[in-house]
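Architecture and fold: a report
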Amino acid sequence: MDNDRPTSFLKVRKAKPNELLAPFGDDGQPLAITAFNSALDVLTRTPAPAPPLLAESLDVLTLLYKRTLFPPPESLSLLFSDETQTTLTNLIWTLLASPALAAKVSLLLSAALSPSTRVLADTLLSLSLELSIQQKRSIIVLTALIPSIGAKALEERVPDLLEQVIDGLKASDYAALRGKLGSAYLLAFASSSDEVSAWEARWVAPVVKGLRSNDNQTRQNITTHLLPDVLKPHPSSLLTLLNTLSGKDDVTARVALLRLARVKGLAEDYPDPYPGAKLELRPDSGKLVIPAHMVRDCAANSESAARIDAFEIVSEHPLTALPLSEAELEIVKEVLRWNISPESAEFRQHLLSGSFPHLLTRMRDSTFALQKLLSKPRPPPTASPAQIETTRAFFLWLVSFLSGQLYPGAGHSRQNSAIVLLGYLEDAGLGGGEVAKRVAKGKDIRQESRPFPFTVDIYTPALVKKLLGCLQSSYSHVQEGALRLLERFPVPLPGLESREEVTALLDTAIETHLASTRGSESSTGALLIRLVYSAYARRLGWTFGRADGAADADAEVLFISHLLELLEQRIQVAEQDLVVAAQKHPMHGLLQALQQLFSVVRLDAEGAPERLRPLVQRASGLVQRVWNATRPVLSNTPSETEGAPKLSDHEEARASFLTRNDEGAEDDDEAESSASPRHQVLLSSSWRAMREAGQLLSILVTSAFSAGAQIWPVLWQVDELEWVGQLFATWLTGIRHRGTFSVIGPAYTQVTTAISHAGDPVASMPKAWMDGHLDTIATGELSTTRRSAGLPLCVLSILVAGLRVKSPLVAPTIRLLFEIARSENSVAATHALNTLRILFLDGKLGDVLAPFVPDALVLAVSSFDSPVWTIRNSSLLLTTALLDRSFGAKRNRINRYTLRLRTSFHDFFSRSPTLVPFFLERLQRATNVSLGTANTVDVQSELFTILLLLRQVQATSESREAQAQFMPIVEACASSRVWQVREAAAAAMTGVVLPADVPSVCARLLGACDVRDQNALHGRLLAIHRLSVDLVDSFDPQMRATSCNALLERLPALLLTNPCPPTQAAFLDVVTSTIRSFDKASISASPSAGQLARRTVEFAWSYLRSFGTTPLRPGSHALGHACVRFVLAYAPGQRTETSDGARLILECPASFHAGILDELSACLPVPLPHDADQTLGPMLLRIVLDRAADQSSRIASVSLLLRLEEERSDVWKERSSSAVNISDEEWDALRKEHDQTDCVPVKEALLPFLSAMLARQLHPGPLAPSLLERLKSVLDLIAAAANENEPLDARLSAVHALRPFKPHLASLPADISLIAHRTLLALVQDDDEQVRLLAAADMDGSVLLPVKAHAALWDEMARTHTDNVLFVRWLWQMLLDNGAERGRTLSALSSSSSTGTPSVLFAVEPPNTYREPLLDVEGAHSRLLFLYSANPTSLPPPPASEIVPLLAELVRIASRPASPIDPLAAERTLLAERADRAWEIIREWGDEEPERIVEVGEDRWKQAEEDAAVVRRSLEG
């Protein structure tokens, strides 16, 4: 680069301002001019020079403009000439698209803008507004232009700029840049405005609208990137925002602003306790005072963002050394209490990864500062030992609280959160152990220089027992978290001190868990073995098994050797009979255990490599034997047996063949087509074993290389590593079971990564392996089934491994794959295309493969010509991957037809200029074929691919010439004989027409419409609709009037007399989108618009009324639906959608009803018109009761009826009439239809409507018996639909059906309200989050967390049913469970052995994994205690006769020797909790009524007391 750098660059950097005018060089020009010209030459050079030189050239230009005074001297006028400004404009606009140079270009732009560069400013402004202010370049330019052109001038060009900025903040892309643009825009007005209120009027309303949106990302971006700068000149505006956001639905927005105030220092610490309830500003400081209750109330809000902000108001305090007040600690407790089992992934991530570590940081810093102050001879009065004691008391509560969340049977989310938070406490040294030195999220909460001045008791036997129980979880993150925490505990583990206990634990892991075919149980065994190894064999030197009694120094080696011997025994069984091994001696559990051991073994210890090398070699040899044993199932390699049959190329056929031979079963065809249970067991065992074997081999290699350059050569020799590479290649090319090779692929990546970073003599191995993989692809000998199986992963693994070492393999590999894909060998070409697809889909290779995207697109499109189907199919899949890589999958989904937020045409094709001529040639050829002017070949794939790509880009003036080349071809495609091609061409036209040209293009297309060519007419009308639908609202009145005149002129030919229904429908859609852009006033003021609407609506009604009386033609229904859309979009003189909807239903054939109802539902205003009850309701009811009607029409009718009723209850509370009046006979007919219909969606739609009809008849006072009977029957239906075994739609229907009853539950008869309460209790614990949130909604519409709603519902039931005997009986049922279930649990507990063999009874996944029965046990227990203590005589006696024998049975079960790992711990604990809590109620009852003891028997009572004490001790651990 130094050789290419102009000499003037260095001179300019060192020159003083007056030296810039001095002559430089032979031409005698000033130094500034010479450097300026040199920089422009570098920046416009082709090909582009190295990036560092480009960046330096931009720095030079920035420096020159910064040092040039205004007005500039005559000698420097070149810098400001119009020609120079034009050149600079093009340069800035082009280079802003480069991510690497955008920051430098932005600095240059800011420096260059001045009164002397108006051409630069005006041109860039036009380009930015043309492109769309949502694009990155436009955002940067407009932000830089505001100080130069002024905010007022920008407002004139873009009146809704702030609204567009806030709308763009929905996305995280460029959020900081958008926020900077918005704040610069508003601050410019603030500096020129004297009145704060006038300035606030500009932005408060749109900001409040953005904060009230349901999108958390928008809210977060507004408070993070926009408001901090906006509030700087007038911080009091924050209170204006908060007072505006005073509604009950504004809680989330309000707490987000409170967090902003706290983080930015705009709020003071609230007094403790704070007496007021209002937000206010301190008169002296002007800072906001936040009431503590306002933050605490957000702890159980259903919005995760509100809970996050509430917690971070405490944890993100700017003064970390400030002690937490009692109010703040209560906020933390409240948040943790209701969120320890977080349902929201967003909240879980914030709490566990950011907020809690920051809270610990603050608590550590504050206690350290307090301790430092207290250690002084004269501590200040503000420092008190009580503050430290308060913090310690909080941590004692926290440890107890977190430990209590690990009870057996707790939800995985609850357990995971508790384990992670306990881990943070242990890492911080609060337990007295070594302080961890790792850093979490950029903030070190574990600095040894600032320890906590106290400890809390974390290492307890009870916690160890609970963590061991967590190892049995079926969730890997819970298992691994519990293991990591246990490994940090002091050894021997509390409660597990004796060798006998540890040996029993090890035996349970090997004999029970590792022998299980269930993945979670074998994982449990592997983790237990690792725990015993790391805690006892490695740290204490204990030996186990056959090695017992050996020297302590050999404990680790002997431990691993014992596991290897066990694995070898199981491999021997598999080598003899794979079916027997799969059923009784699976290998994958021991392979998992060895993975765990070799991942934590200390290879850097003295003498460890030499001692461990035999173990590594033995383990790798066993991996080879696992492959040999499972190969007959997983790989279709040629059999060594003479005359062996050739099987199908899939593992199911091979496994079925082996099990058939073992069973002597049927013929080949039947064996290959049906999978018996033995077949499934064999296949599952084989692929699991091979998957774990591949991961074990990867760990053996990678752990050696991670130990250091001096260690790995001892463990692995070069030829052995070559063998490892060949073995992985054999697996990935031979195995076609996706579950196997998808795991072996990443394992291969880890191996090649480790080797690539090792240096000589092994660093060159991956290149040799790559050559072998490419040779395999080129030969085409392997099958292409399963998308080439693991073959693409071979190439991907090596390329990913080379990223960190900047391997040169990428370019030659991609080019060779391109070459193979173009070869005559169809199998090899298919492999190459499949491999390219996998490579381009991988995000890690995105940047390095970006330059190859154009060539890959050319290859993919060219391959569509292949006569081989597999090549065409693979090319299509590759094309999809390339489009996703170029535009992003999300962009493909969201912005398919819109003209906003797209990649610009220029940005895309400037990176690949060769694509333009190629696409033009291919598109022209495909168009000729589609129009019938060329030989027929299969061009549909390439045609749709190019059109799909064009609809993803946005036309810009920079590429006007290229876009103009595409325009006639795309327009010709719109005349294709194929409907789908015409639709694709219409969408593609939006990518080649500038937004400013849309009116003229639409006018030209409309003028070219001719009914003599219906295909061309249809395509042009589709294009007009696509072009105008996104921008018609932005047309000025003159443009709209012109559009209406043109449509009115063509109305007779294209609609009234046109014989083709599809083109009539297309024209109607164009008219509809145009009319919808007018409001009521403007359409009345526009004669052309009014006449167009009247004539069109006359045609629409005429056509709909005559439908069915004339012969139907193709497209008649499409035209009818277009007529419906227009009628509902416009009514002469007024908007009366409900009246027209009723007329349409009445006068149109039944085949249109579904379309009418869909359109009506989409366009109905809120609130509904007052004529809805007289017009639409009866029509809808008629359709619902008509069994001959279309089912979709009936469902839509019920939904609209329910909406009408909901609108009545919300909007027309003062009206005596209802939106939908039905008679008793009609209600009975609806109920009968619900019971008898076979259409489940109709049944689910009817249930909420039936309940709404009943709820409106409820009133204070006695209810009629007939109404009560109906009410009970409907609530029974709702309860049945809410059952956890019912489908999700049924449970959602139950939630909506219960909603209208919520305000009346307290006034209903006890037996009826109890049904509703029980149903709600089930729904707030539903397995689906949507059901839970809907059920947790309060009567006023605010939503609590389901867990908080669950507790509130229990309290409401206790208040409502104080004297309800039915309620008491139900509570006992909830507490004790039903007898049959309890009997099965007792039977399983009694029959389980001391080794803890799992029971089949509990192997079935429950239908509801969210519900935790213990919460209901606690709820029933506390309410029964309250009821019996308040009024024991009026309630039925507790079932003491059930509890006494249950306690005795539990004591008998508990007396048996138990393993530390109890697979039935959840069932045992739950049953013990039921019995213990029931006995507590009985004991209290007996104290109140001593004669009851006599009824039970004093001896039995005394024995029950002793049994209950035993059960209680067992629960306490």
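Residues numbered from 1 in each chain as written. Predicted model: local features only at pLDDT ≥ 70, side-chain atom pairs only at ≥ 80, totals over all residues. Heavy atoms only, no water.

Secondary structure assignment for the protein yields 72 helices and 5 strands. Within the span of the protein, comprising 1517 residues, buried residues form 53% of the whole. Across the protein, the fraction of contacts at a sequence separation of at least 24, relative to all contacts at a separation of at least 6, is 72%. Summed over all atoms, the accessible surface of the protein reaches about 64000 Å², with 52% contributed by carbon and sulfur. (Helix = DSSP H or I, 4+ residues; strand = E, 2+ residues; numbered from the N terminus. Buried < 20%, exposed > 50% of the residue type's maximum accessible area, 1.4 Å probe, protein only. Contact = heavy atoms within 4.5 Å. Areas by Shrake-Rupley, 256 points an atom, 1.4 Å probe, with all protein chains shown as cover.)

Bringing the sheet that holds strand β1 (residues 267-268) into the picture now. Neighbouring strands of a sheet are bound in pairs by backbone hydrogen bonds; such pairs are parallel or else antiparallel. Pairing within the open sheet is mixed, and its 3 strands lie in the order β1-β3-β2. Of all strands in the sheet, those with a lone pairing partner are β1 and β2 (280-281), marking the two edges. Two strands pair when backbone bridges link them, and β1 and strand β3 (residues 288-289) are joined in this way by 2 bridges, in the parallel orientation. Counted as the bridge partner of E268 is V289 from β3. (Pairing = 2+ DSSP bridges.)

This brings us to the packing of helix α48 (residues 998-1007) against helix α50 (residues 1037-1056). Put simply, α48 and α50 touch, their axes get as near as 11 Å, and they point 15° apart. By the angle between their directions, the pair α48 and α50 is classed as roughly parallel. Our pair here, α48 against α50, has a crossing hand that is left-handed. Counting all contacts with α48, which are made through P999, L1006 and G1007, the residues of α50 involved are M1039, A1046, L1047, R1050 and L1054. For the contact of α48 with α50, the per-class residue count stands at 6 nonpolar, 1 polar and 1 charged. (Axes fitted to C-alpha atoms, helices over the stretch in contact; angles between N-to-C directions. Parallel < 35°, antiparallel > 145°, perpendicular 65-115°, else oblique. Left-handed = near helix turned anticlockwise from the far one by under 90°. Nonpolar A, V, L, I, M, F, W, Y, C, P; charged D, E, K, R; others polar.)

Moving on, we get to the packing of aromatic side chains. Two descriptors summarise a pair of aromatic rings, namely the distance from one centre to the other and the angle between the planes of the rings. Using the criterion set out here, one finds 30 aromatic pairs in the structure. Judged by centre distance (5.0 Å) and plane angle (90°), the ring pair of F908 and F909 falls under edge-to-face. For F908, a relative accessible area of 4% translates into the label buried. The class for F909 is buried, based on a relative accessible area of 5%. Through a chain of ring-to-ring contacts, three or more aromatic side chains come together here, namely F394, F395, W397, F401, F452 and F454. (Phe/Tyr/Trp six-rings, centres within 6.5 Å; stacked < 30°, edge-to-face > 60°.)

If you look at the biggest cluster of nonpolar residues, it comprises 460 residues, and the most contacted ones within it are W203, F395, L425 and F598. In terms of residue count, helix α31 (residues 677-706) provides more of this core than any other element does, 13 residues in total. (Core = buried A, V, L, I, M, F, W, Y, C linked by side-chain atoms within 4.5 Å.)

Inspection of the secondary structure assignment puts T367 in helix α18 (residues 345-374). Within polar-contact distance, the side chain of T367 engages the backbone oxygen of M363 at 2.8 Å. (Polar contact = N/O pair within 3.5 Å; in protein donor to acceptor, adjacent residues only side chain to side chain.)

Tallying each qualifying case throughout the model produces 54 salt bridges. Of the charged contacts in the structure, one is a salt bridge between D1235 and R1231, with a shortest N-O distance of 3.0 Å. With a gap of 4 residues between them, D1235 and R1231 both fall in helix α59 (residues 1224-1236), about one helical turn apart. The partly exposed category is assigned to D1235, whose relative accessible area is 41%. (Salt bridge = Lys/Arg side-chain N within 4 Å of Asp/Glu carboxyl O.)

Here we take up unusual backbone geometry. Residue V491 is joined to P492 through a cis peptide bond whose omega torsion reads -10°. Note on placement: P492 falls in the loop between α22 (476-488) and α23 (499-513). Residue P761 follows D760 across a cis peptide bond; omega there is 5°. Relative to the helices and strands, P761 resides in the loop between α34 (738-756) and α35 (765-779).

This paragraph deals with the side chain of S875. With respect to the helices, strands and loops of the structure, S875 is situated in helix α41 (residues 869-887). A distance of 2.7 Å separates a polar atom in the side chain of S875 from the backbone oxygen of I871.

For A1154, the position within the fold is in helix α56 (residues 1153-1163). In contact with A1154, other than residues within four places in its own chain, are D1190, S1192 and S1193.

Close contact between α34 and helix α36 (residues 791-801) brings their axes to 8 Å; oriented N to C, the two are set at 35°. Where α34 crosses over α36, the handedness of that crossing is right-handed. Between α34 and α36, the contacting residues are F741, S742, G745, Y748, T749, T752, T753 and S756 on the first element and L793, C794, S797, I798, V800 and A801 on the second. Considering only residue class, the contact of α34 with α36 consists of 7 nonpolar, 7 polar and no charged.

Positionally, A97 belongs in the loop between α4 (82-95) and α5 (102-112). Owing to a relative accessible area of 38%, A97 belongs among the partly exposed residues under this scheme. For A97 and K136, which are 39 residues apart along the polypeptide, the C-alpha to C-alpha distance reads 8.1 Å.

The next subject is α35. Given a rise of 1.5 Å per residue, 15 residues ought to cover 21 Å, and the 21 Å separating the end C-alpha atoms of α35 matches this to within 8%. Every buried residue of α35 is accounted for by M765, P766, W769, M770, H773, L774 and I777. One or two positions beyond α35, positive phi appears at G780, with a value near 70°. (Expected span 1.5 Å × (residues − 1).)

The predicted coordinates should not be examined in detail at positions where pLDDT is low. Per-residue confidence for the protein averages 81 on the pLDDT scale, and 85% of its residues sit at or above 70. Summarising per-element confidence for the protein, the mean pLDDT is lowest in helix α30 (residues 668-673) (37) and highest in helix α27 (residues 588-600) (93). pLDDT under 50 marks residues 437-448. Its contacts with residues more than four places away, or in other chains, come to 28 contacts. (pLDDT = per-residue confidence, 0-100.)

Within the secondary structure layout, L923 lies in helix α44 (residues 915-931). For L923, a relative accessible area of 0% puts it in the buried group. Separated by 20 residues in sequence, L923 and L943 have C-alpha atoms that sit 6.1 Å apart. Residues contacting L923, with those up to four places away along its chain left out, are L943, I946, L947, L950, F966, I969, V970 and C973.

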